[in-house]
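One letter stands for each residue in the lines below.
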Amino acid sequence: MSDPRLAEHMPLLEPVSWDLDAATRFIASKERYWNRDGLGHWAILCNDSYVGWGGFQKEGDEWDYGLVLKPDFFGLGGVITRQALAFARTDARIPYVTFLLPPSRKNLGALNRLGAKFVKKTEHEGTTFLKYRLDTT
């Protein structure tokens, strides 16, 4: 999370020294979503190696999908996202998924190939995002 290539597209990421205490606080915040909603972000492994985190987080009444990969594993995003969306299609709680992307993201072809549709520009925690939606039913 301290890599500038990640921070470039994560406008809500506050500069922090990612030591054990910061990581523990971050994980605790994500676990609160699991406790509240029964679903949240996953640690993602490939061949027993940690490659990043992501999944679904409830924002209001909507399930938002996010994915953060270590830079060496950026190429796995499509495969991981397709697997996550396959999960969403089997979960009755998730009739659709939203994606909130910062305007700095210019290459949006993958979202189009998935069938996601642009909804609007929206504000989240005081920051502008591009909102997309993908029906899962």
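Residues numbered from 1 in each chain as written. Predicted model: local features only at pLDDT ≥ 70, side-chain atom pairs only at ≥ 80, totals over all residues. Heavy atoms only, no water.

**Here's the deal with the nonpolar core**
Threshold: Only buried Ala, Val, Leu, Ile, Met, Phe, Trp, Tyr and Cys residues count toward a nonpolar core, and they belong to the same one when joined by side-chain atoms within 4.5 Å. Burial classes follow relative accessibility: with a 1.4 Å probe on protein chains only, a residue under 20% of its type's maximum area counts as buried, one over 50% as exposed, and anything between as partly exposed. Only DSSP runs of H or I reaching four residues or more are called helices, and only runs of E reaching two or more are called strands; each is numbered from the N terminus. Only heavy atoms enter the contact rule, under which two residues are in contact if any of them lie within 4.5 Å.
Of all hydrophobic cores here, the largest spans 21 residues; its most connected members are Phe56, Tyr65, Ile94, Val97, Phe99 and Tyr132. Here this core gets four residues from one element, more than from any other, and that element is helix H3 (residues 77-90). What Val97 contacts, discounting residues up to four positions off in sequence, is Phe56, Trp63, Tyr65, Leu85, Ala88, Tyr132, Arg133, Leu134 and Thr136.

**Quick notes on the pairing of strand E5 (residues 117-124)**
What counts here: In this analysis, strands are considered paired if DSSP registers two or more bridges between them.
Pairing analysis gives seven bridges linking E5 to strand E6 (residues 127-135), with the strands arranged antiparallel. Bridge pairing links Lys120 to Lys131 in E6. Linking E5 back to E6 in an antiparallel pair, the connection comprises two residues, with Glu125 at a positive phi of about 50 degrees.

**Brief notes about the packing of aromatic side chains**
Definition in use: Planes of paired rings set the category: under 30 degrees apart is stacked, over 60 is edge-to-face and the rest tilted, where pairs are Phe, Tyr or Trp rings (Trp by its six-membered ring) whose centres lie within 6.5 Å.
A full pass over the atoms with the stated rule returns seven aromatic pairs. Ring plane angle 90 degrees and centroid distance 5.3 Å describe the contact between Trp42 and Phe87, whose orientation is recorded as edge-to-face. One end of the pair, Trp42, is in strand E1 (residues 41-46); the other, Phe87, is in helix H3, with 45 residues separating them in the sequence. On the basis of relative accessible area, Phe87 is assigned to the partly exposed category, the value being 30%. With centroids separated by 5.4 Å and ring planes inclined at 70 degrees, the aromatic side chains of Phe118 and Tyr132 adopt a geometry described as edge-to-face. With a gap of 14 residues between them, Phe118 in strand E5 and Tyr132 in strand E6 connect regions that are remote in the sequence.

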